[in-house]
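Each chain is listed here by its residues.
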Amino acid sequence: MNHTRPSGPVQVEVLVVGAGPAGLSAAAELRRLGAGPVLVADREPEPGGIPRHSWHTGYGLRDRHRLLTGPAYARALADAALAAGAEIRPGTTVTALAPAGSGIGHEVRGPLPPSIGGGGPQTPDRGGHTATMTSARGIETVHAAAVLLVTGCRERPRPARLVPGDRPTGVMTTAELQQRVYLGGERLAGRAVVVGAEHVSFSAAMTLAHSGARVVALVTEHERQQSYAAFRLGAALRWRIPVWAGCAIRRVVGRGQLAGVEVADVRTGSARFIPCQTVVFTGDWIPDHELARTAGLDMDPGTRGPAVDTMLQTSAAGVFAAGNLVHAAETADIAAVSGRHAARQIAAALDARARGRGPEPTRLPVRAEPPLRWISPNAIAARAGPPAPPLGRFVLRSWEFRRLARLQVIQDGRVLFRSRPVRLIPARPVHLGASWLSRADLAGGPVHVQLRG
Amino acid sequence: MTDAEVRPADVVIIGAGVVGTAIARTLAGYSLDCVLADAAADVGTGTSKANTAILHTGFDAKPGSLEARLLRRGSELLRSYAAAAGIPVERTGALLVAWTPEQSAALPAIADNARRNGYHAVRPVAAAELYAREPSLGPGAVAALEIPDESIICPWTTPLAFATEAVSAGVRLLLGTSVTGVAPSGDGWHQLATTRGPLRCRWVVNAAGLGADVIDRMFGGGGGFTVRPRRGELIVFDKLARPLLSSILLPVPTARTKGVLVAPTVYGNVLLGPTAENVSDRGDLGTTAAGLRSLLDAGQRIVPRLVEEEITSSYAGLRAATEHPDYQIYADAGRRYACAGGIRSTGLSASLGIAEHVVSLLESAGLALRPRVTGLSGVFGLSGPLGVSGHSGVFGTPPVMAYIGEAGVRPYQDAGRIAADPAYGQIVCHCERVTLGEIRDAMASPLPPADLGGLRRRTRAMNGRCQGFYCAAAVSRLFASSGRADLPRAAVAVPT
Ligand SMILES: Cc1cc2nc3c(=O)[nH]c(=O)nc-3n(C[C@H](O)[C@H](O)[C@H](O)COP(=O)(O)OP(=O)(O)OC[C@H]3O[C@@H](n4cnc5c(N)ncnc54)[C@H](O)[C@@H]3O)c2cc1C
Ligand SMILES: Cc1cc2nc3c(=O)[nH]c(=O)nc-3n(C[C@H](O)[C@H](O)[C@H](O)COP(=O)(O)OP(=O)(O)OC[C@H]3O[C@@H](n4cnc5c(N)ncnc54)[C@H](O)[C@@H]3O)c2cc1C
C-alpha cells in the first residue's frame, strides 16, 4: 500500500461516492462520454458493492445482457470502469460533502499534515463541491465539479423493526449472513428462520442452505410471498422451504445464543415458538443516506433517499444521486442503468456549464399518494422538453397488494395520464411510463400519482 | 485457577460492575492483595452496561439520604476522573420540562430540593426561552428548570477504566467466577466457593448488583434487603436525530418513577427511556412490545420529530431496587464483610463516592489501610479529607482509555494519527467509523474483550444504524484472528 502523504486537494471532474453497480457503471459511462478525471471512492476494501458477497446468479440481465453471479458481475463492472480510465479508490470513506468555498474540511479535526491544512485559502469558490475522505493514505480533500452519490441501501436490522425480546447472537440481516458465509467461509448449523418473503429473502434462504443450515420457514406479515415465480419455485422445490404468510415475529428468545422466535398469526394473534439458531431479517430497505443528509440535501419522505429529479440531480446543483440510494431496493442492473443515466446528465450539465449556459432548471415535485409508498425520481427537471427518467419510466412501490389497480397522474386537477390496470405487490416495482411529461405544466403545481377510483 | 489466582487474598470484591470496579481501584491504592471476581466473562456486563448513561448531579435525590450524599460526592469525583482517563463526558445540562400547570407548580419544590442537596445552580426557564433552546420540543410545554451540570457519560469506558487501573495496580481480576457460597470461617479467613474453585480471603466486599441480597445472606443477611428488579427499557435513535436536542430533557418525576427522558448519548445518538416495571426474573433483559410502544408514545409528545428517525437499537436494564428507598451500604466488622447493595438507578454517577464510603467503612471495621507508594505518581491515603490531595481523591494515575466519544477527535478524523499509523485511516465499522487501529488496540489492551459484545463496548464497532449489515462479518473475523475467539474459557475448572 502506498502510505505517502497526500499533497493538497485532489482535483477531479466528477467524484463518485460508492463503487457499487450504480457507481461503477456511472464512472465508465462518464469516461466514455469524455469527462475529465473521475474518482470513485468506496469504503469497502474491494469495489463492487452488494454483489461482492451475493454468490448466486441473477445479476446483469438488463445492463450486461447475461446472467452472472454477484462477484463476477462486480468484477466485470470494476474492470469496465478501470478500462474506461476511471480511478477507483477502495478503503476510502467520504465523510463530508459541502459546496466548494463553504469551509471545506470542517470534518477534519486534530493536527493536519501541512500539505492539507496549511497555507492560504483553499480552492476559490468556482462552483463545484468539496468532499472529505478518510483512508489509510490520510485525510484528503477532493474538489469536484460534480458529485454522484451512489451509496446504496441496507436492510433494516431487527432493532429498527422494533421486534421485542432478548438480544442473543444469531440474529442478522441477509448482507451480514452472505458476508459471513461467502467472504468469511463460516458454516452455520441448525435451524434457521427467514423474516420476509421477497426476492432477497429467497437469496438469504439459498445462502443458509449453502452454509449448512436448515431453513424452517420464510415468515411474512403479508398475505403472500412477493418474489418472482421462477426464483421462488426453484428455492421451494430444491429445499422445500415453506412460506408462512400472514405471520409476524413477535419475540426473539435466547440469553446469549438464540433459542428461537415466537411467531404469531397477524389476524388471530395465536402464537407459537419456533426453535432455531439463526434468524435472518431480510428486505425492509432504507437508503444509506447519511452523507446525503449531512450534506443538507432535500430528502424525499417516500423513498427516504435524497429527492431527485428526472436528471437524477438532487436539490444541490451539481450533486446527483442514483442507484438504490434513490430507490431502495431495485435489482443491480436497474441500479446500474440509473447510474448510467446520471452519468449522461452529469456530462450534459458539465458541458452546459463549460459553455456558460444559463441557470439550473427548477424542479417540479412528483408525489405518490397512499397506498402508493414512493415514486422515483420524485421531481421533474422543469425545462422545455423535460428529460425522461432512467429507462423512460418512473418506478413506484405500494404499501398494499392490489390486483387491478389503475394509476393516474394529476396536476392542478388536470389528468395527465391514466394507466392500464397493473398489479401492486408491496416489495415489487410498479412502473409508470413518462410519456405524459410533455403534458405537464412546468410552471404549475406538484404532480400527484394516485390510484384511480 | 492458577496458583496466582487461588493465592489467599486480603480482600475479595464480588461483582465487577461499575461499583465493584470503583471499589477495586480505590482499594488498589493501599498495600492490600485484592481479588475482583465476577461471574461474567468481562467487567461491566450487568446493569452497568445497560442504563441511561447520565452523570447525575443528584439535584433530585432525597435530601439527607446516603444516596444524595454519595451521588453528590461521586459525581464530582467521576467528572475529574473521566477527564483524566479519557472517559467520554459531555456537560449538556438538563431541562426538566413541565407540561401542565400542576407540573409547573411542582418546579419550585424541585429547585428547593436541589438546594437542600447543596446544588444551587438550578434555574427556572420560561416557555419562550425553553423553545428557543429546544426548538424541536413538542408543543404544550409550560415551563422548565435548568440543571446546567447534568451530563452524559460513557457507561462502558467507566468500569473498564476502573478495572484497568485496578489490574495495573496488582488487583487480580477473576472473570467467569461466580461466588456460590461461603464456608464457615473461624480462623480469620473466609473460604468462598466459586464456580472455578475455592477462594480464601480475609475480607469480602459485596458489590454483586442484582445478586447482592443473595451474597448478603451468605454473610448473615445483616442488610435485611431483597432485590426487586425493576426493568427499564430504552430506545436508541439514529445519529441523524442528534441535532434535534441539545440538552437532556427530563420529565417532572412522579412518586413512582423519574419518568421517561430524552437524552443525547456521548456516541452521538439520542436515547428515549426508560420504562419502569417490576419483574421477578433477575435475568430478564428482554424488551417488550408494550414497553417499546409506550416509549414511542412518550417520545412523540416530547420531541415529535424524533420518532420519524430510524431506530438504531433497543435494550433493557434491571435496576437493583429493594424494599428500601436508599442504598444498602454497611460493614460488619465481626464478619469482615462490607455490602454495597441496592444501588438502583444512580450507581454509575455515584460509583466513586460509593467506593470511597465503602473503603472508609472497611477501615473503621478494622481493615488496615496503608497507602501504597507507586513510583512517581504517588498514592494518597485516606487520612485527611479525600479530594484535597490535588486529584479529587483519585489514587494513583488514571489509565488513559481509548476515547470513543463523539465530542472529541476520533482516530478517523485525526490526520496526524493516521500519518503515524495508517490503520487509524482504515474504517471497518462504517456507521460508527471505527478503524482497524482501534479494534487492534482493543484486542491488545490490558483487558481485552472476551466476545464481540466486549469489543462493541470498547470500540463501538457494530453499534451503529446498520447493526452489522456492512461490518459484522469483517469485525468478527478481526476478533477471531486476534486468537481470542475461543474465549470465554469454560467456566468450570475446579482445582483439586
Ligand atoms: C442479499 C441480496 C441479494 C441480491 N440479489 C440480487 C440479484 O440476484 N440480482 C440483482 O440484480 N440484484 C440483487 N440484489 C440487489 C443489488 O445488490 C443492488 O440492487 C445493487 O447492489 C445496488 O447497487 P448500488 O450501486 O445502488 O448500491 P450498492 O451495491 O449497495 O453499493 C453502494 C456502495 O457505496 C459504498 N459507500 C456507501 N457510503 C459510502 C461513503 N460514505 N464513502 C465511500 N463509499 C461508500 C458502499 O461501500 C457500497 O460499496 C441483491 C441484494 C441483496 C442485499
Ligand atoms: C434503566 C436504567 C437506567 C439507569 N440510568 C442511570 C443513569 O443514567 N445514571 C446512573 O448513574 N445510573 C443509572 N442507572 C443505575 C446504574 O446503572 C446502576 O446503579 C449501576 O450500574 C450498578 O452497578 P453495580 O456495579 O452495583 O451493578 P452491576 O453492574 O449489575 O454489577 C454487578 C456484578 O456482579 C456480578 N455478580 C452478581 N452476583 C455474583 C456472584 N454471585 N458471583 C460473582 N459475580 C456476581 C454480576 O455479574 C455483575 O457484573 C440506571 C439503571 C437502569 C436499570
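Positions within a chain are numbered from 1, following the residues in the order the chain's sequence is written. As they are written, the chains are lettered A onward and the ligands numbered 1 onward, keeping that order. Only residues with pLDDT of 70 or above have their local features reported here, since the model is predicted, and side-chain atom pairs are shown and tallied only from 80 upward, although totals for entire chains, interfaces and linings are computed over all residues. Side-chain figures throughout are based on the complete set of non-hydrogen atoms in the structure, without hydrogens or water.

*Asks:* I'd like to hear about the site of ligand 1, residue by residue, with values.
*Replies:* All names here are of chain A. Around ligand 1, the structure places 36 residues, and the nearest of them are Asp 42, Gly 58, Asn 324, Glu 330 and Ala 332. The separation between an oxygen atom of ligand 1 and a polar main-chain atom of Ile 50 is 3.0 Å. Any N or O atom pair separated by 3.5 Å or less is treated as a polar contact, with the protein-specific requirement of one donor-capable and one acceptor-capable atom, and with residues adjacent in sequence counted only for side-chain atom pairs. Here an oxygen atom of ligand 1 and a backbone polar atom of Ala 332 are 2.8 Å apart. Per-residue and other accessible areas were derived by the Shrake-Rupley procedure at a 1.4 Å probe size, with only the shown protein chains allowed to occlude residues. In the complex, the protein chains occlude 96% of the 990 Å² of accessible area that ligand 1 would expose alone. Proximity is defined per residue: if any heavy atom of the residue lies within 4 Å of a molecule or strand, that residue is considered near it.

*Asks:* Before we move on, can you summarise the sheet that holds strand β3 (residues 54-55) of chain B with the specific residues and values?
*Replies:* Residues and elements named next belong to chain B. A pair of strands is labelled paired if DSSP reports no fewer than 2 bridges between them. Numbering of helices and strands runs from the N terminus; a helix is a DSSP stretch of H or I covering at least four residues, while a strand is a stretch of E covering at least two. Spatially, β3-β8-β4 is the arrangement adopted by the 3 strands of the open sheet, whose pairing is antiparallel. Looking along the sheet, the strands with just one partner apiece sit at the ends: β3 and β4 (89-90). Sheet analysis places β3 next to strand β8 (residues 151-153), joined by 2 bridges and oriented antiparallel. The residue bridging Ile 54 from the neighbouring strand is Ile 152, located in β8.

*Asks:* Could you give an account of the site of ligand 2, with specific residues and numbers?
*Replies:* Residue and element names in this part refer to chain B. Around ligand 2 there are 34 residues in total, and Asp 38, Ser 48, Ile 54, Val 179 and Ser 349 lie nearest to it. The separation between an oxygen atom of ligand 2 and a polar main-chain atom of Thr 47 is 3.0 Å. A distance of 2.5 Å is found between an oxygen atom of ligand 2 and a side-chain nitrogen or oxygen belonging to Ser 48. For ligand 2, whose accessible area on its own is 1,000 Å², the fraction buried by protein is 93%. Listing elements by their share of the shell around ligand 2, those giving two or more residues are α2 (18-27), β18 (311-319) and α9 (347-364). Gly is placed with the polar residues, together with every amino acid not listed as nonpolar (Ala, Val, Leu, Ile, Met, Phe, Trp, Tyr, Cys and Pro) or charged (Asp, Glu, Lys and Arg). Across the shell around ligand 2, the residue classes break down as 14 nonpolar, 17 polar and 3 charged. The source of the domain bounds is an automatic or database domain assignment. Of the residues that make up the shell around ligand 2, three or more belong to each of domain 1 (1-88 + 153-227 + 320-404) and domain 2 (94-148 + 230-319).

*Asks:* Give a detailed account of the packing of helix α1 (residues 21-32) of chain A against helix α9 (residues 332-354) of chain A, specifying residues and quantitative values.
*Replies:* Residues and elements named next belong to chain A. Interaxial angle, 0 to 180 degrees, is taken between N-to-C directions of lines fitted to C-alpha atoms, where a helix line uses only the stretch in contact. Where α1 meets α9, the closest approach of the two axes is 7 Å, and the angle between their N-to-C directions is 35°. Our pair here, α1 against α9, has a crossing hand that is right-handed. Here α1 contributes Pro 21, Ala 22, Ser 25, Ala 26, Glu 29 and Leu 30 to the contact with α9, which in turn contributes Ala 332, Ala 335, Ala 336, Gly 339, Arg 340, Ala 343, Arg 344, Ile 346 and Ala 347. Here the residues of the contact of α1 with α9 sort into 10 nonpolar, 2 polar and 3 charged. The hand of a helix crossing depends on one turn: near helix anticlockwise from the far one by less than a right angle means left-handed, and clockwise means right-handed. In this analysis, two residues are considered to be in contact whenever any of their non-hydrogen atoms come within 4.5 Å of each other.

*Asks:* Lay out the pattern of salt bridges with the relevant residues and their values.
*Replies:* Residues and elements named next belong to chain B. Salt bridges are identified by distance alone: a Lys or Arg side-chain nitrogen within 4 Å of an Asp or Glu carboxyl oxygen. Per the counting criterion, the structure on display carries 51 salt bridges over all chains. Between Glu 146 and Arg 123 there is a salt bridge, with its nearest N and O atoms 2.9 Å apart. Pair noted here: Glu 146 is in strand β7 (residues 143-147) and Arg 123 is in strand β6 (residues 123-126), with a separation of 23 residues, a long-range link. Take Glu 146: its relative accessible area is 13%, and that puts it in the buried class. Accessible area is worked out with a 1.4 Å probe on protein chains only. A residue is then buried under 20% of its type maximum, exposed over 50%, and partly exposed in between. Owing to a relative accessible area of 32%, Arg 123 belongs among the partly exposed residues under this scheme.

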